[in-house]
Every structure is written in structure tokens, then in C-alpha cells.
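Take a look at the letters that make up each chain.
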Amino acid sequence: MTFCGMILAAGKGTRMKSELPKVLHPIAGRPLLFYPVHALLEAGAQEVVVVVGHGKDRIEQMLATYFPDRVVTAFQPEQRGTGHAVACGLAKVTHTQGELALAYGDMPLLSASTFQGLLSLTQTSPALLHMLTTWADSATGYGRIIRDASASVLEVKEERDCTEVETAIREVNPGVYMVDLPFIRKAVGNLESNNAQRELLLTDVVKVAAKQGGVATQTWDFAELQGVNDRRDLAACEMRMLRRIAENHALRGVTIRDLDSVYIDHEVHIEADATLQNAVVLRGACQIKRGAFIDVGCVLEDVQVGENAYLKPYTVATQSRIGQEAQLGPFAHVRPRSTIGRRAQIGNFVELKSTQVGEGSKANHLSYLGDGDIGDHVNIGAGTIFCNYDGTHKHRTVLEEGVFVGSDSQFVAPIKVGKNAYVGTATTVTVDVPEGALAIGRVRQVNKPGYAAELRKRLRRTKADDR
Ligand code: UD1
Ligand code: CA
């Protein structure tokens, strides 16, 4: 069945108390508004119009980023109510016949199946207006569904216009409708603002439809219909969304130790047989390959993790690639533009930045390796530092294949160490090391036999003098 879609997103969202327009607040890494638009498109809407007003430019930019050429915007210059917003939107809807799916932009939990539920209702009922209703534990802020003695819908009453008895009604209007296009065009043209808000209310269209031939409703789970008015709602919706995302991954074969403690952004891709331990955070466009094991507390953003890689607890990585069977952490820090080769090991308190690590290379303890090009099978001892910054410029350190670096060495970049060279412990490398060479640059040690006791005696004497 063909239908068009419209999302209302022109309001300011005053209750968010924010500089950012409400519908741009993120949930699981995407702006709120992304979700209902995505749901409409996925449900098969032929054309989607988003009504914008507050924050118009930023919202249009967002839509162009995620839905290039698939969404049209309509401008509502003044927020005169949801009915007025629909009137503005209709000017951009090219279809003249058929159904229009309508929803508010502040409903991030809507999915394609929500709209499909309504669509199937339109197939069995000839009503002019089909809408979802839901039972809310706390109905505050929602329009109430007013029914007659035979349970037919009479109207939707906004909370502010409700009597005490009506306020007690728990069946509410989530704001998801499917309406006959010719009918809605006519009905919004006749709206009046004789209500508490002095606005043109879309909900008044329900009353008109009820008079003219009926309204059909379908009850739906509140879990998909919760709207965001303030930041408390935002947090509640995000929790539901995160749980949904985690469950979807679990159903597709990902082992997730605790579905409520992981945080996985919308865009993340995880293959079957990967494992996520508790409190793992995967942001942005992470891609986790099969068999990868992400241990407790790892925080990854835009990171690709190769097959069977093992990220030990509290590894933090950003915009980087981690090769197959590589091992990181605990407490490794991989900063942007780094690549860790197959089977490489990056251990505790090792920090990388814009560094390539070759296959099988190891840096297992306490090192800063910034702006490095590390070949295959390089071994880097504890406490190694790439001195990459001279206060003005960043320079690279190149360690070719097979290089061995003793502990506590520094590389003053730009610097290059040739294939299979050996850098002795505690060397400050300031001159390039040729292939196969041994570099040692440390002060020669002197041993004074028996001098320890002598030294202690002297030290004690000076301490006594101090008193
Ligand atoms: C609306 C419904 C209410 C329903 C509730 C569900 C109306 C009159 N009321 O109330 O019955 O229970 O949603 O969450 O429809 N908007 C515009 N232009 C405007 C006004 C609003 O585009 O002039 C947009 C807003 O950006 C928002 C949506 O419409 O995305 C809903 O507006 P909001 O002010 O949040 O309506 P509610 O008071 O929540
Ligand atoms: Ca709302």
C-alpha cells in the first residue's frame, strides 16, 4: 500500500532548557528526529515531509546528512500549533490521494513496525482517521482519548482542556496517525484556536473525523511511543533504545553479558560470536568482527576490531583499526588514526596516537608511542617514549621490521631505526640507526668496591649535623 509520511519538528522544546533544538538531542548516537524519519522510510513511505521551524538550518543539515534526497522539509515560520504545522507540511506533499502517516518528531522509539501496525488497520477499516492509542502509567502531558458509551472515539482532549474526570483517563494519544489525504487537507483548513493554548491543534482533526465517519484506533505498547518533552524523558527513551539495540545484537548472535550495562550506538555493527562483557561502550561507527572479545569497561569510538581480537578490561580506543587476534590492555589507550596489526600486543598503560603497529609487534608496558611507524615483529620494552613533539611540530618515529627496543628508551623524532637493529636499554636515540646495528647511548657505569658502607656513614653524619 502506498502512503506518504509527515513528521512535525518545528517546536522549540522549551522544557528541554537547551540551546540545541529538542529533536537534535542525541539518543544512541543519533539525533532524536532521525528515528521517526528512518522508521517512516523503512515502513515504505513514498515521500516524507518534515516540518521545521526552530533550528531549521541545523535540522535540515542533519536530514541531508542521514537522508540525502529522501526527505523534503516544510517551513513553519511561527509555531501556531500542531494543526498549523500539518497545514504547512501539506503544502509540500505532492500526493493528492491515499493515506498520510503523521507523527511527532520527538518520538525516538517509533519503528517501522509501529507504522505498519497502523497501515494494516487502514486495510480493514474504512475510517478517515486511524490512530494508535496507548495506556500510560503516567499520562501527564498527553492528550486523553475521550470515548462515548459504545467506546467509539469522540475526541482527543489536551490535558489543559480536560475536566478532572477526563484528566484521570489513562488511555492517551501518542501522536501517531494515518489519515485520508483529501480529508486532512480540508480539515486543517477549518481548525480554530479556541482552546487553552490558543493554538491550532491537530488533535481537533480527530473530533472532525469522528463526526464525519469515524475514527479507528489500535492500542499499542507505550514502550514504542514514549515522547520526549524534557531531559528526564530523553534519558528514559535512551535507556529503552539501548536495551532494544543490545537485544537485537544478542538475537543476531552476539554474546552480551549484561544487556542493561552495555552502551551500543545505533550505527555499530557487530558480527555473530563476538562477546561484550559488562559496561562496554561502543560509540559511533564501531565494527566488531566475529570472535572478538571486548572485556569489561572498554570504551571504543569509531573503531574496527578484527576477528578474535581480545580487548582486555578498560581499553579506550578512538578512530582506529585493531587487527585480527591482536591483544590490547588492560588500560591501553589507542588514540585516533592508529592501526594495530594482526597478533600485535599493546599492553597496560601504553598510549598510541596516529601510530601504525605491524603484525606480531609488542609494546606491553608503560609507553607513549605517538606518530610512529612500527614494522612487523618489533619488540618495544617497558617505558619507551617516542618524543614526537618539539613544541611546534610533530615528527614521526620509524622502527623497521624486527627491531628490538630495550626498556626505558627514548626516540627523538624525526628518527628512523633500520631493520633488525637493536636499541640497548635506556638509550636516547637521536641519530638514525642503520639496519642491523646496535645502538647504545647511556652513561657508562662505575662500581666502587666496598664504598656502600662508607657512603652510608657519611650520610648519617650529615643528618646528625642537620639536627
Ligand atoms: C502532542 C499532542 C498530544 C499528544 C502528545 C504526545 C497536539 C495538540 N497534542 O502534545 O495530544 O498526547 O503530543 O506526545 O497535537 N510542533 C510543530 N509546530 C507547532 C507545535 C508543535 O512542529 O506549532 C511539533 C513539535 O516540534 C513536536 C510535536 O509537534 O515535535 C509535538 O508538539 P508538542 O508541543 O510536544 O506537543 P504536546 O504538547 O506534547
Ligand atoms: Ca510532546
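Look above for the structure.
No experiment lies behind these values; they were computed from the predicted model shown.

S.K.: Before we move on, can you summarise the overall build of the protein chain with the specific residues and values?
M.R.: What the protein chain contains, in helices and strands, is 9 helices and 40 strands. The globule rule puts the C-alpha radius of gyration for 467 residues at 23 Å, and the 32 Å found for the protein chain is more than 25% above it. Over its C-alpha atoms, taken along the principal directions, the protein chain stretches across nearly 110 × 60 × 40 Å. About 22200 Å² of surface is accessible on the protein chain, with carbon and sulfur atoms providing 49% of the total. In the protein chain, 52 side chains carry a positive charge and 53 a negative one; their mean positions are 8 Å apart.

S.K.: Mind laying out the site of ligand 1, listing which residues take part and the relevant values?
M.R.: Neighbouring ligand 1 are 23 residues; Gln 76, Tyr 104, Gly 143, Glu 158 and Asn 173 lie closest to it. In the environment of ligand 1, an oxygen atom lies 2.9 Å from a nitrogen or oxygen atom belonging to the backbone of Leu 8. Here ligand 1 has 750 Å² of accessible area as a free molecule, and 90% of this is covered by the chains. At the level of secondary structure, the elements contributing two or more residues to the shell around ligand 1 comprise β1 (3-9) and α3 (82-90). Considering only residue class, the shell around ligand 1 consists of 9 nonpolar, 10 polar and 4 charged.

S.K.: Any chance you could break down the coordination of the calcium ion (ligand 2) for me, citing the residues and the numbers?
M.R.: Taken together, Asp 106 (OD) and Asn 229 (OD1) make up the full set of protein donors to the calcium ion (ligand 2), lying 2.6 to 2.8 Å away. On the criterion of sequence distance, the pair formed by Asp 106 in the loop between β6 (99-104) and α4 (112-124) and Asn 229 in the loop between β12 (215-219) and α8 (231-251) is long-range, its members being 123 residues apart. Residues Asp 106 and Asn 229 agree in their burial class; the two are buried.

S.K.: Break down a positive patch on the surface for me, with residues and values.
M.R.: On the surface, a cluster of positive charge is made up of Lys 448, Lys 457, Arg 458 and Arg 461. Within the fold, Arg 461 resides in helix α9 (residues 451-466). Under the relative-accessibility criterion, Arg 461 is labelled partly exposed at 48%.

S.K.: Would you mind going over the pairing of strand β28 (residues 345-353) in detail, with residue names and values included?
M.R.: The pairing of strand β25 (residues 327-328) with β28 spans 2 bridges and is parallel. By the bridge assignment for β28, Leu 328 is matched with Ile 346. Two strands pair when backbone bridges link them, and β28 and strand β30 (residues 362-370) are joined in this way by 7 bridges, in the parallel orientation. Residue pairing across strands places Lys 353 opposite Gly 370, the latter belonging to β30.

S.K.: Give me the lowdown on the packing of helix α6 (residues 181-189) against helix α7 (residues 203-212), citing residues and values where you can.
M.R.: Two elements in contact, α6 and α7, have axes whose closest approach is 10 Å; the angle formed by their N-to-C orientations is 120°. With respect to α7, the element α6 is oriented oblique. By crossing handedness, the relation of α6 to α7 is classed as right-handed. Together, Phe 183, Ile 184, Ala 187 and Val 188 of α6 and Val 205, Val 208, Ala 209 and Gln 212 of α7 make up the contact between the two elements.

S.K.: So, the pattern of salt bridges: which residues are in play, and what are the values?
M.R.: Under the definition given, this model contains 21 salt bridges. The shortest N-O distance in the salt bridge between Glu 171 and Arg 147 comes to 2.8 Å. Linking Glu 171 in strand β10 (residues 171-173) with Arg 147 in strand β8 (residues 143-147), this pair joins segments that are 24 residues apart in sequence. Its relative accessible area of 5% is what places Glu 171 among the buried residues.

S.K.: Outline the pairing of strand β9 (residues 153-157), supporting the account with residue identities and numerical values.
M.R.: The buried fraction of β9 amounts to 4 of the 5 residues, a majority that puts the element mostly inside the structure. Across 4 bridges, β8 lies against β9 in antiparallel orientation. Looking across to β9, one finds that Ile 146 is bridged to Glu 155.

S.K.: Describe the sheet that holds strand β24 (residues 321-322), listing the residues and the values that go with them.
M.R.: Taken in spatial order, the 9 strands of this open sheet run β15-β18-β21-β24-β27-β29-β31-β34-β37, and their pairing is parallel. Strand pairing shows two members of the sheet lacking a second neighbour, β15 (269-270) and β37 (415-417), which therefore form its edges. As paired elements, strand β18 (residues 287-288) and strand β21 (residues 304-305) share 2 bridges and run parallel to each other. Residue pairing in the sheet places Ile 288 in a bridge with Val 305 of β21.

S.K.: I'd like to hear about the environment of Gln 116, residue by residue, with values.
M.R.: Here Gln 116 lies in helix α4. For Gln 116, a relative accessible area of 37% translates into the label partly exposed. Between the C-alpha atom of Gln 116 and that of Ala 43, which follows or precedes it by 73 residues, the distance is 6.3 Å. Leaving out residues up to four positions away in the same chain, Gln 116 has contacts with Glu 42 and Ala 43.

Here is what the cut-offs are and how they apply
- Residues numbered from 1 in each chain as written.
- Chains lettered and ligands numbered in written order.
- Predicted model: local features only at pLDDT ≥ 70, side-chain atom pairs only at ≥ 80, totals over all residues.
- Heavy atoms only, no water.
- Helix = DSSP H or I, 4+ residues; strand = E, 2+ residues; numbered from the N terminus.
- Rg over C-alpha atoms; globule rule 2.2 N^0.38 Å.
- Areas by Shrake-Rupley, 256 points an atom, 1.4 Å probe, with all protein chains shown as cover.
- Lys, Arg positive; Asp, Glu negative; His and termini not counted.
- Charge placed at Lys NZ, Arg CZ, Asp CG, Glu CD.
- Near = heavy atom within 4 Å.
- Polar contact = N/O pair within 3.5 Å; in protein donor to acceptor, adjacent residues only side chain to side chain.
- Nonpolar A, V, L, I, M, F, W, Y, C, P; charged D, E, K, R; others polar.
- Donors = N, O, S within 2.8 Å, 3.2 Å for Na, K, Ca; no water.
- Buried < 20%, exposed > 50% of the residue type's maximum accessible area, 1.4 Å probe, protein only.
- Patch = residues over 30% accessible without salt bridge, like charges linked within 9 Å, V, L, I, M, F, W, Y side chains within 5 Å.
- Salt bridge = Lys/Arg side-chain N within 4 Å of Asp/Glu carboxyl O.
- Pairing = 2+ DSSP bridges.
- Axes fitted to C-alpha atoms, helices over the stretch in contact; angles between N-to-C directions.
- Parallel < 35°, antiparallel > 145°, perpendicular 65-115°, else oblique.
- Left-handed = near helix turned anticlockwise from the far one by under 90°.
- Contact = heavy atoms within 4.5 Å.

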